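Listed below, chain by chain, are the residues.
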Amino acid sequence: MRLALAMAGVLAAATASGAGLPMPSPDPLGYPVPPILLQALSYFTLTLHFLAMNLTVGSVVIYLWLTITRKQYDDRLARYLRDLLPLSTSYLITFGIPPLLFVQVLYGQMFYSSSILLGFPWILVIPLVVFLYGAFYYQKLVKNPEHPGVLLLSVLAAMALLSVGFFFVNNITLSVSPEKWMGLYAKSPGGQNLNMDDPTLFARWLLILAPGFTVAGVAILFRGVMMLKWGLTEEGRHNHRIAVNAAVLGMLLEAVAGIWILSAMPDDLRSHVTSAGLAKLLLGLGTAMASVGLVLVFLGRYKASWAYPLMASLAFFLALAPLVALRDVVRIEQLRPHFSLENVPVHAQWCMAGLFAVFLVAGLVFLLALHMMVVPKLIAGRRAELRESA
Amino acid sequence: MNYPIWDVGGLGAGLVVAIIAIIHVLISHVAVGGGAFLVVAEIWSRRQPDGQRVRDWLHTFATFFLVYTTVLGATTGVGIWFSVQLASAEAISLLIHQFVFAWAIEWVFFLSELTVLYLYYYGFKRNTPRMQTFLAGAYFVIAWGSLVVINGILTFMLTPGAWTIENKDIAAGFFNPGYFPALLIRTVTMFLLAGLAGFLVASRIRDEEFKGRIIQFCVKWVIPGAILVPGLGYWYFTTLPASTVTILAGGTVGVVGGTLSALTRMAILAGVAGTSLVLGTLVFAAYPKTVNTIAAISMLLVAQLGIMGAEFFREMGRKPYVIHGVLYSNGLWVKDAKDPARLNGPYLEKAKWHGGVASGTLAHGEQVFRLQCASCHTRDGYRSVVYRTRNWTAGFGSRWLGTMHDMGVMPPFQGDALDKAALVAYVLSLRGETVDPRDLLPDRQATAQGDDLDPDGSGQALPGLEVAGAEVGR
């Protein structure tokens, strides 16, 4: 114990005295394709992951709210969201895999270091996800989902979900702060650390969670259209009211998070985000497309048309994608003193990259075809069930 | 030395990986074999006089299958990845940089199998029988496809074949010598495990006659796999590196201090578990109506033990490497170890995560322990260093460190005499002995040979000093 304390003192002193940062060397295998392609794949898949995550976060919070308020039609909308949660969680996890893969190729040495330093919370993500995923299935399959015990389980699952997001934000922010690494390693080599003193930590956490209300709002907008098309006008209008409120709330929170994060950033970084050409363009594009999405949600309310929720979905995707790219631009800027993508050699694997492209396209076409064959029947069946219960 | 070490007390980072991995392997194999089970059960149910009742049972099986494989299977799969990042960052970095697009292709399979499974499950009561059979079949083919991909990366770690860090020949690495036997072993094992999962769901059926028929149906999934695995296992054995075979043989004849090596024990555990499963299944076949939930769960637990044995065997078989012949378990590259100047020079000058500790102190020794030993050993828990060095004396350790690589299961020591002395002093301090590392330097030791457990100076341990890594943690 005394030795451990002495070690901690030595290591902390070494860090304080500005000893060389322990930046690992890039992998000797280099990049398998030029980094721009890996970045593009990472942006695309991370945007999908964020959308699925936002859908899950927004759905669980709105589900709990509706279960408490219990106004007319709330119960049926709550059931819709409850049924949605296991599915959205599945895709949250599935779409989370490729961005994590690509970030490890691009920034592995930073990402692994921060993961090890946060080892305990990082590995805790796994049991938390098992718990929340299992809880979402349980509340879907259980006979009495409104039992207080089941609702408590849902609240705990929601908290687990928020915790997972918090741990991810911790890791990502620490991965771009190598100057903190030795201090944290000295404090707890077992990884019982969090990156709590990052000034942008909570703002970034809010930034990734806030769109949850907006994305869940769009999902509810879809349901509202379905109700209107099936002649369940009152229920459809009820759904659309909630959809609009949720979408607006999400956008307001996102704006707060955006302003907060900009004000909490170091001056040089803020100046880069607000004045550098690419960063400014991405920020502007994201804000503009989010505004377009919100307008489409407004315009689509009380209308029995798929066009509005579909276009709103596209707009929010196009809003999120530039912000995801902006996130990477900020990371590159933060890492500039220590690391540059251009300095890592490329040992091209074009054949494998092409094979991946073939599989990806074939897989997506196959899934689309299957959906066209199966989903209309499922919707028709649901319609019959709803009419009966109405 | 490139990355910090996740220093997890008595557990050890490697054991965290192992715990998650053995859970995942069982579930992921059920997830693939269960797909084939669904196809055959779909067809079989339509040939039964009480087909609807069979389909109702199949729906129960599908619900169990969906929840079990998605909640526990998918998340523990990601869990392996998370834990390996913590336990062996250098290795996962190499694998990801070499096989990133293979992993990405596996992800396409994963996305597809998940989606198809949902279409199958949610359409259970609405799709036509033909569509359900097609979806189940598509699910199986895609899920097996994901195995075809990941198997290349898994087997690469033990038998990288003609792949080298210089040629980076991805095809040679992927279709390595262990690829096809491992693929076939896993394929037949997953059919076997699907049958075991079927036992569990069938055990809940109240109608004894109906339960008997379902149990007999499940028996047909277990027996063929159980018969084929030993033969395929032998084929796999013939592809193993010579060093692995040597350790296995050494354990079998008991040359390691008169005890079985851990590797051999794990192989035996897998064999005993497999035999028990065959016997249990034969009992189930003879008395199908008596199968209850406890018996069915017991069979799955035995299978879990068998998988534990097989997976530990695969992992331990790589010793002292994490990627055979390329990267040692503690992150030392074999290419670097071939450079004597790099290998034998002062360690702290090369290590990145020592934090500037003073040379020749216990803190120095702890850093050497953490960066060179802690990826496999704990201080006094799993694979305990205190236990393994219980007979060490102050004079013995440094010489043993200098020759440990020759034993075949340990990487070479990195560092000079002072690094060795610091590590030995630190290890001795773990059991309460206070030694100044500088007193262990060779020039000072020349005058103190009396207490040595290595009288001939060969560095070979006397009986009772196990080869590190050959014992399962105490």
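Since this is a predicted model, take the numbers as computed values, not measurements.

Undergrad: Got a minute to help me understand unusual backbone geometry in this structure?
TA: Most peptide bonds adopt trans geometry, and most residues besides glycine take a negative phi value. Residues and elements named next belong to chain B. Cis peptide bonds are those with omega within 30 degrees of zero, and the linkage from lysine 319 to proline 320 qualifies with 5°. Within the secondary structure, proline 320 is located in the loop between α10 (293-316) and β1 (321-323). Look at lysine 168: it is not a glycine, yet its phi comes out positive at around 50°. By secondary structure assignment, the location of lysine 168 is in the loop between α4 (129-158) and α5 (170-174). In this structure lysine 168 comes out as partly exposed when scored by relative accessible area, which is 24%.

Undergrad: Explain helix α10 (residues 267-275) of chain A to me, please; I cannot follow it from the model alone.
TA: An α-helical segment advances 3.6 residues per turn. Residues three or four places apart therefore align on the same side. All names here are of chain A. For α10, the set of buried residues is Leu269, His272 and Val273. Viewed along the axis of α10, the buried residues span an arc of 95°, placing them on a single side of the element. Of the exposed residues in α10, the ones pointing more than 90 degrees away from its buried face are Asp267 and Asp268. In this structure, the buried residues of α10 make contact with α9 (233-264), α11 (277-300) and α12 (307-335).

Undergrad: Could you clarify how one ought to interpret the pattern of salt bridges in this entry?
TA: Any two side chains of opposite charge can pair, so long as their charged atoms come close to each other. Enumeration according to the criterion identifies 28 salt bridges over all chains in this entry. In this structure, A:Asp197 and A:Lys180 form a salt bridge, with 3.2 Å as the shortest nitrogen-oxygen distance. Residue A:Asp197 is found in the loop between α6 (181-187) and α7 (201-209), and its partner A:Lys180 is found in the loop between α5 (148-175) and α6; the two are separated by 17 residues along the sequence. Judged by its relative accessible area of 59%, A:Asp197 is exposed. Residue B:Arg213 is joined to B:Asp50 by a salt bridge in which the shortest nitrogen-to-oxygen separation is 2.7 Å. In this pair, B:Arg213 is assigned in helix α7 (residues 208-238) and B:Asp50 in the loop between α1 (13-47) and α2 (51-87), connecting sequence segments 163 residues apart. Residue class for B:Asp50 comes out buried when judged on its relative accessible area of 18%.

Undergrad: Just checking my understanding: could you explain the packing of α4(B) against helix α6 (residues 179-202) of chain B for this structure?
TA: When two helices pack together, their arrangement is given by the angle between the helix axes and the distance between those axes. Residues and elements named next belong to chain B. In contact at an axis separation of 10 Å, α4 and α6 are set at 140° when each is read in the N-to-C sense. The angle between α4 and α6 places the two elements in the oblique class. Two packed elements cross with a definite hand, and for α4 against α6 that hand is right-handed. In contact with Phe140, Trp144, Leu147, Val148, Asn151, Gly152, Leu154 and Thr155 of α4, α6 contributes Tyr179, Ala182, Leu183, Arg186, Thr187, Met190 and Phe191. A per-class count over the contact of α4 with α6 returns 10 nonpolar, 4 polar and 1 charged.

Undergrad: Just to check I follow, could you spell out the confidence of the model for chain B for this structure?
TA: Residue-level pLDDT values for chain B average 87, and 91% of them are 70 or greater. Counted against residues more than four places away or in other chains, residues 450-474 of chain B, with its pLDDT under 50, gives 72 contacts.

Undergrad: When you look at the environment of B:Leu248 in this model, what are you seeing that I'm missing?
TA: All names here are of chain B. Here leucine 248 shows up in helix α8 (residues 242-253). Taking the relative accessible area as the measure of exposure, leucine 248 reaches 11% and is therefore buried. In sequence terms leucine 248 and alanine 267 are 19 residues apart; their C-alpha atoms lie 8.4 Å from each other.

Undergrad: When you look at the nonpolar core in this model, what are you seeing that I'm missing?
TA: One recurring pattern in soluble globular proteins: nonpolar side chains tend to sit buried together. Judged by nonpolar contacts, the single largest core of 287 residues is most densely connected at B:Trp57, B:Leu196, B:Phe199 and B:Ile323. Considering each element in turn, this core owes the most residues, 25 residues, to helix α3 (residues 89-122) of chain B. Residue-level mapping places this core at the junction of two domains, with at least three residues from each of domain 1 (13-328) and domain 2 (339-445) of chain B. In terms of nonpolar packing, the next biggest core, distinct from the first, is built from 5 residues, A:Met226, A:Trp230, A:Leu232 and A:Leu386 among them.

Undergrad: Is there a simple way to think about the environment of B:Gly355 in this case?
TA: Residues and elements named next belong to chain B. Within the secondary structure, glycine 355 sits in the loop between α12 (340-344) and α13 (362-373). Of the residues examined, glycine 355 reaches a relative accessible area of 9% and is grouped as buried. For the pair glycine 355 and histidine 59, spaced 296 residues apart in sequence, the C-alpha to C-alpha distance is 58 Å.

Undergrad: Sorry if this is basic, but what is going on with the packing of helix α13 (residues 350-389) of chain A against α4(B) here?
TA: Packing of α13(A) against α4(B) brings their axes to within 13 Å, and their N-to-C directions diverge by 160°. Of the possible angle classes, the one that applies to α13(A) and α4(B) is roughly antiparallel. Judged by the sense of rotation from one axis to the other, the crossing of α13(A) with α4(B) is left-handed. Contact residues: α13(A) offers A:Phe366, A:Leu370, A:Met373 and A:Val374, while α4(B) offers B:Met131, B:Phe134, B:Leu135, B:Ala138 and B:Ile142. Here the residues of the contact of α13(A) with α4(B) are counted per class, giving 9 nonpolar, no polar and no charged.

Undergrad: I would appreciate a short explanation of the interface of chain B and chain A in the present structure.
TA: For an interface, size is often stated in terms of accessible area lost upon the parts coming together. With 75 residues of chain B in contact, the opposing surface of chain A contributes 81 residues. In this assembly, chain B packs against chain A so that about 6900 Å² is buried in total across both faces, 77% of it on carbon and sulfur atoms. When the buried area of chain B at its contact with chain A is split by residue, B:His97, B:Phe101 and B:Trp353 rank highest and sum to 12% of it. Run the count over chain B and chain A and you get 1 salt bridge. A salt bridge links A:Glu385 to B:Arg126; its shortest N-O distance comes to 2.8 Å. Across the contact surface, chain B and chain A share 19 residue pairs in polar contact (both at pLDDT 80 or more). Counting residues per element, the ones that place at least two in the side of chain B that touches chain A are α1, α2, α3, α4 and α13 of chain B. Of all the elements, α3(B) adds the most residues to the side of chain B that touches chain A, at 27 residues.

Undergrad: Mind showing me how you'd approach the side chain of A:Asn171 here?
TA: All names here are of chain A. Positionally, asparagine 171 belongs in helix α5. On the basis of relative accessibility, which here comes to 0%, the residue asparagine 171 falls in the buried class. Discounting residues that sit within four places of it in the chain, asparagine 171 has contacts with Phe111, Ser114, Ser115, Leu118 and Trp122.

Cut-offs applied
Residues numbered from 1 in each chain as written. Chains lettered and ligands numbered in written order. Predicted model: local features only at pLDDT ≥ 70, side-chain atom pairs only at ≥ 80, totals over all residues. Heavy atoms only, no water. Helix = DSSP H or I, 4+ residues; strand = E, 2+ residues; numbered from the N terminus. Buried < 20%, exposed > 50% of the residue type's maximum accessible area, 1.4 Å probe, protein only. Arc of directions from axis to C-beta. Contact = heavy atoms within 4.5 Å. Salt bridge = Lys/Arg side-chain N within 4 Å of Asp/Glu carboxyl O. Axes fitted to C-alpha atoms, helices over the stretch in contact; angles between N-to-C directions. Parallel < 35°, antiparallel > 145°, perpendicular 65-115°, else oblique. Left-handed = near helix turned anticlockwise from the far one by under 90°. Nonpolar A, V, L, I, M, F, W, Y, C, P; charged D, E, K, R; others polar. pLDDT = per-residue confidence, 0-100. Core = buried A, V, L, I, M, F, W, Y, C linked by side-chain atoms within 4.5 Å. Domains from an automatic or database assignment. Buried area = accessible area lost by both parts, 1.4 Å probe. Polar contact = N/O pair within 3.5 Å; in protein donor to acceptor, adjacent residues only side chain to side chain.

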